[in-house]
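# Close look at the chain arrangement
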Amino acid sequence: MHFGATLRLLRVDAGVSLRALAQKIGVSSAYLSRVENGHDQAPTPDRLIAIARALDLPPTLLIDLAQRVSPFVARYLEDVPSASFLFLEIARRKLNAAQLARVHAFLDAEFPAWGASAAPAVPRLHELLVPERVILKLSCSYLGDAIDLAATRLAGAAPGLHAATLAAEIRERERESPTGVGHGVAVPHALDPALEPIAALVTLARPLHVPTPDDVPLQVLFVIVGGGQAPLELLARAARLATPGTVAELCQATTPEAALARVRNVESEFG
């Protein structure tokens, strides 16, 4: 995943200009532009927290996307030095993502986080997908063709949505700012907090050579409509799936069920 492109995606859909976000977090517009275009590395954890607050996103999600260590973790290790032993044990045993998810489930069951139940639950992407909205190995020459087909499937699942209108809205958003987030993944969308979110997954038979943040041709589209209470979180969660391994497995999937299982497994690894 290209962090800068993902940040631009979230900022644009939050309706915040580059200059306004730069002012809110106390940096120059030129610096923030360099980050979004991949010329500078992701900001420090403190700045990521400020960006998250400005965009009304969970700070931990943005820190995760940037692969940074939260200052909360650093402070905790200072206050409870013995906790570093647990980190060392995890590293020594080389726990993989699935095993870490089991540890996380144990922590949730035995030591539930304060206030966790009060936060509205944001659905995971696999919960928004059904086999009928998974389109595999689509042959097309233009991104608009893939969007049109996805819009048809999405409109069929939500009364009141019209495929042509929906496709036009998604294409217009794509023209405003392309939604490629790297590693061959794009997240075309039409966000509307008033609509419960639904999604479609499209894999392409041949990569589409369109402008992308890392110059990798598009191979996988997560098309999202609606958004509910936290539409930006849905986009961020989709961006987390933009890894070479996940893209390769989705493109190799021969059934919608296999593709959905891969999305579900990857999301469970994130905890």
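Another aspect to go through is the overall build of the protein chain. For the protein chain, the count of helices and strands is 13 helices and six strands. Relative to the compact-globule value of 18 Å for 271 residues, the protein chain shows a C-alpha radius of gyration of 19 Å, a close match. Along the first, second and third principal axes, the C-alpha set of the protein chain runs to 55 × 45 × 35 Å. When each of the 271 residues of the protein chain is scored for burial, the buried share is 43%. Looking at the protein chain as shown, the accessible area adds up to about 14100 Å², and 55% of this sits on carbon and sulfur atoms.

Another point: the nonpolar core. Counting residues in hydrophobic clusters, the biggest one holds 54 residues, and the most contacted among them are Phe3, Leu10, Leu62, Leu125, Leu201 and Phe222. When neighbours within four sequence positions are excluded, Phe3 is seen to be in contact with Val35, Ala42, Pro43, Leu48, Leu62, Leu65 and Ala66. One finds Ala146, Leu166, Ile170 and Ala190 within the second-largest nonpolar core, a separate group that totals 24 residues.

Examined against the element boundaries, Glu89 turns out to sit in helix H7 (residues 83-93). A polar contact of 2.9 Å, which involves the side chain of Glu89, links it to the side chain of Arg92.

Strand E6 (residues 218-227) sits mainly inside the fold: nine of its 10 residues count as buried. Here strand E3 (residues 185-186) runs beside E6; their pairing, made up of two bridges, is parallel. Across the sheet, residue Val185 finds its bridge partner in E6, namely Val220. Pairing geometry for strand E4 (residues 189-192) and E6, over four bridges, is parallel. Each residue of the ladder has a partner; that of Asp192, found in E6, is Gly227. When strand E5 (residues 198-208) meets E6, the two strands line up antiparallel, connected through seven bridges. Residue pairing in the sheet places Val202 in a bridge with Leu221 of E6.

Time to look at helix H1 (residues 3-14). Residues lying three or four places apart along an α-helix face the same way, a consequence of the helix completing one turn every 3.6 residues. Taking 1.5 Å as the rise per residue, H1 with 12 residues should run 16 Å; its terminal C-alpha atoms sit 16 Å apart, in good agreement. All of the buried residues along H1 are Phe3, Gly4, Ala5, Thr6, Leu7, Leu9, Leu10 and Arg11. Downstream of H1 by one or two residues, Gly15 has phi in the positive range, about 75°.

Tracing the sequence through the fold places Ser139 in the loop between strand E1 (134-138) and helix H9 (143-155). Along the primary structure Ser139 and Pro207 are separated by 68 residues, whereas in three dimensions their C-alpha atoms are 9.3 Å apart.

Under the criterion given, the structure shown has zero aromatic pairs. Across the ring face of Tyr31, the terminal group of Arg47 is positioned such that the distance to the ring centre comes to 5.5 Å.

What follows is about a nonpolar patch on the surface. On the surface, Val103, Phe106, Leu107 and Phe111 cluster together into a nonpolar patch covering about 390 Å² of accessible area. By the element assignment, Phe111 lies in the loop between helix H8 (97-110) and E1.

What follows concerns the confidence of the model for the protein chain. Confidence in the prediction for the protein chain averages 88 pLDDT; 92% of positions are at 70 or higher. Low pLDDT, under 50, characterises residues 114-119; the stretch is placed with zero contacts to residues that sit more than four places away or in other chains.

The final tally for this structure, using the stated rule, is 10 salt bridges. Across the pair Glu36 and Arg11 runs a salt bridge whose closest N-O atoms are separated by 2.7 Å. Linking Glu36 in helix H3 (residues 29-36) with Arg11 in helix H1, this pair joins segments that are 25 residues apart in sequence. As far as burial versus exposure is concerned, Glu36 and Arg11 are alike and both buried. Bridged by salt links that share partners, the residues Glu89, Arg92 and Arg93 form one connected network.

Another point: helix H11 (residues 231-239). By the criterion of burial, H11 is predominantly enclosed, with nine of the nine residues buried. Those residues of H11 not exposed but buried are Pro231, Leu232, Glu233, Leu234, Leu235, Ala236, Arg237, Ala238 and Ala239. Of the surrounding secondary structure, the elements contacted by the buried residues of H11 are H1, helix H4 (45-55), helix H5 (59-66), strand E2 (180-182), E4 and E6.

Thresholds, definitions, all that
Residues numbered from 1 in each chain as written. Predicted model: local features only at pLDDT ≥ 70, side-chain atom pairs only at ≥ 80, totals over all residues. Heavy atoms only, no water. Helix = DSSP H or I, 4+ residues; strand = E, 2+ residues; numbered from the N terminus. Rg over C-alpha atoms; globule rule 2.2 N^0.38 Å. Buried < 20%, exposed > 50% of the residue type's maximum accessible area, 1.4 Å probe, protein only. Areas by Shrake-Rupley, 256 points an atom, 1.4 Å probe, with all protein chains shown as cover. Core = buried A, V, L, I, M, F, W, Y, C linked by side-chain atoms within 4.5 Å. Contact = heavy atoms within 4.5 Å. Polar contact = N/O pair within 3.5 Å; in protein donor to acceptor, adjacent residues only side chain to side chain. Pairing = 2+ DSSP bridges. Expected span 1.5 Å × (residues − 1). Phe/Tyr/Trp six-rings, centres within 6.5 Å; stacked < 30°, edge-to-face > 60°. Lys NZ or Arg CZ within 6 Å of the ring centre and 35° of its normal. Patch = residues over 30% accessible without salt bridge, like charges linked within 9 Å, V, L, I, M, F, W, Y side chains within 5 Å. Salt bridge = Lys/Arg side-chain N within 4 Å of Asp/Glu carboxyl O. pLDDT = per-residue confidence, 0-100.

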